[in-house]
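As a plain string of letters, each chain reads:
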Amino acid sequence: MYIDIQQACKTFQSGSDDTIEALKDITLSVSQGEFISLIGPSGCGKSTLLKMIAGIERPDQGTVCFEGKEVSDLSPERGYIFQDYALFPWLTVRQNIQFGLRHKGKSRKEQKLIAEEYIEKFKLTGADHLFPYQLSGGMKQRTAIARALCLKPGLLLMDEPFAALDTILRYKLQEELLRIWGLEQVTVLMVTHDIEESIYLSDRIIVMSSRPGFVKKELSIPLERPRMRTEPEFMRLREQLTQLLREEIEV
Ligand SMILES: Nc1ncnc2c1ncn2[C@@H]1O[C@H](COP(=O)(O)OP(=O)(O)OP(=O)(O)O)[C@@H](O)[C@H]1O
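Residue numbering note: each chain is counted from 1, following its sequence as written. In view of the model being predicted, local features appear only for residues whose pLDDT reaches at least 70, and side-chain atom pairs are presented and counted only at 80 or more, with totals across whole chains, interfaces and linings using the full set of residues. Only heavy atoms go into the side-chain values, all of them from the structure, while hydrogens and water stay out.

What follows deals with the overall build of the protein. The numbering of helices and of strands both runs from the N terminus, where a helix is a DSSP run of H or I of at least 4 residues and a strand a run of E of at least 2. Looking only at helices and strands, the protein has 7 helices and 10 strands in total. Restricting the calculation to C-alpha atoms gives the radius of gyration, and the globule rule supplies 2.2 Å times the number of residues raised to the power 0.38. Compactness check: the protein gives a C-alpha radius of gyration of 18 Å against a globular reference of 18 Å for 251 residues, within 12% of the reference. Counting only C-alpha atoms, the protein reaches 50 × 45 × 35 Å along its principal axes. A simple rule labels every residue: compare its accessible area, found with a 1.4 Å probe on the protein chains alone, to the largest value its type can have, and call it buried under 20%, exposed over 50%, or partly exposed in between. Classification of the 251 residues of the protein by burial places 50% in the buried group. Long-range pairs, those at least 24 residues apart, make up 68% of the contacts in the protein with a sequence separation of at least 6. Accessible area for the protein stands at about 12400 Å²; split by element, carbon and sulfur atoms hold 50% of it. On the protein, the mean spot of the 33 positive side-chain charges and the mean spot of the 36 negative ones are 6 Å from each other. Only heavy atoms matter for contacts: two residues are in contact if any of them lie within 4.5 Å across the pair. Every accessible area reported is derived by Shrake-Rupley at a probe size of 1.4 Å, with residue values counting cover from the shown protein chains alone. Working convention for charge: Lys and Arg count positive, Asp and Glu count negative, and His plus the chain ends are omitted. A charged residue contributes its charge at one atom only: NZ of Lys, CZ of Arg, CG of Asp or CD of Glu.

Right under this line is the structure:
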C-alpha cells in the first residue's frame, strides 16, 4: 500500500492543563495514483492528518507509513501545499519554483530548464519575474503547485488549495489539477470543505467525524471524467455527502 495509516491518534496540549484530542484511531489506506479528498467539519483534524502524512506532525499512537516505511520526517517525495500557499515573499515566481531544485542539488542549468518547463506548464510565462504580493490568488496557487510538482514528488498533499478563489477560477484550476494529475502520475490527497469539489475531483472521498476525528465513511466516486456537476448521480452523491456532514455539524 502506498499510504497506510493504522489507528493513528493525535492529542495536542492547549495551555498548561487542557488537551485537545484531534484525531482518534484513524485507519486509512491509499493506493498509488489515487485522487483522495478529505472532508469533514471544521476542527476535526483534517490538516493534522495531512501534516502527519507529510511528516510535519507525528502520531501519539498508531502508525503512518509511506511506501512501506514509517514516516518520521519531511521528504521531497511528499510535496505539501499549505492553506496560504506559503510562497517565499522575497523571491519571484521563478525563484520560488527554483528554490527546492537548488536544495535538491540540481545544477544551475537543470534548475533553469526545469523551472522553465513548469512556468510554461502552469501558464506563468510573463509572471515569472513577479513577487508573490503582485500575484492574483490563482497565480499564487499555480506557483505553489508548480513549486511542489517540479521536485517530482510521488505524493501531493494539498490543504484547501482553492478555498480563497472565486467560483470560475476554482473550476478552471480544478480542471488544471486533473490535467496535471493525469500527466504527472502523482497521488493526491486534498483537504477541502467543498462537497462539489470533492465529487468533481476524487476517486474516493474520506468523510471525517467531528473532533476527535475518525473516518466516518469512505465513498468511492464511480463517475467517468470529465464529470458533469448537473448529472443525476453527481447530485445524488452531493445529497448523500451533505447529509453525512450535517450529522456531524451542530449549529
Ligand atoms: N499545534 C497545535 N497545537 C494545539 N492545538 C492544535 C494544533 N494543531 C491543531 N490543533 C487543534 O487540533 C484540532 C484539529 O485541527 P486541524 O487544523 O487539524 O483541523 P481541520 O479539520 O483541518 O480544521 P479546519 O477545517 O477548520 O481547517 C483543532 O481543535 C485545533 O485547534
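The span one expects for a helix is its residue count, reduced by one, times 1.5 Å. Between its first and last C-alpha, helix α7 (residues 232-246) extends 21 Å over 15 residues, near the 21 Å set by a 1.5 Å rise per residue. Along α7, the residues classified as buried are F234, L237, L241, L244 and L245. Angular distribution of buried residues about the axis of α7 spans 95°; they occupy a single face of the element. In α7, those exposed residues whose orientation departs by more than 90 degrees from the buried face are P232, E239 and R246. Residues of α7 that are buried sit in contact with β3 (35-39), α6 (195-201), β9 (204-208) and β10 (215-220). This arc describes the spread of directions from the helix axis toward the C-beta atoms.

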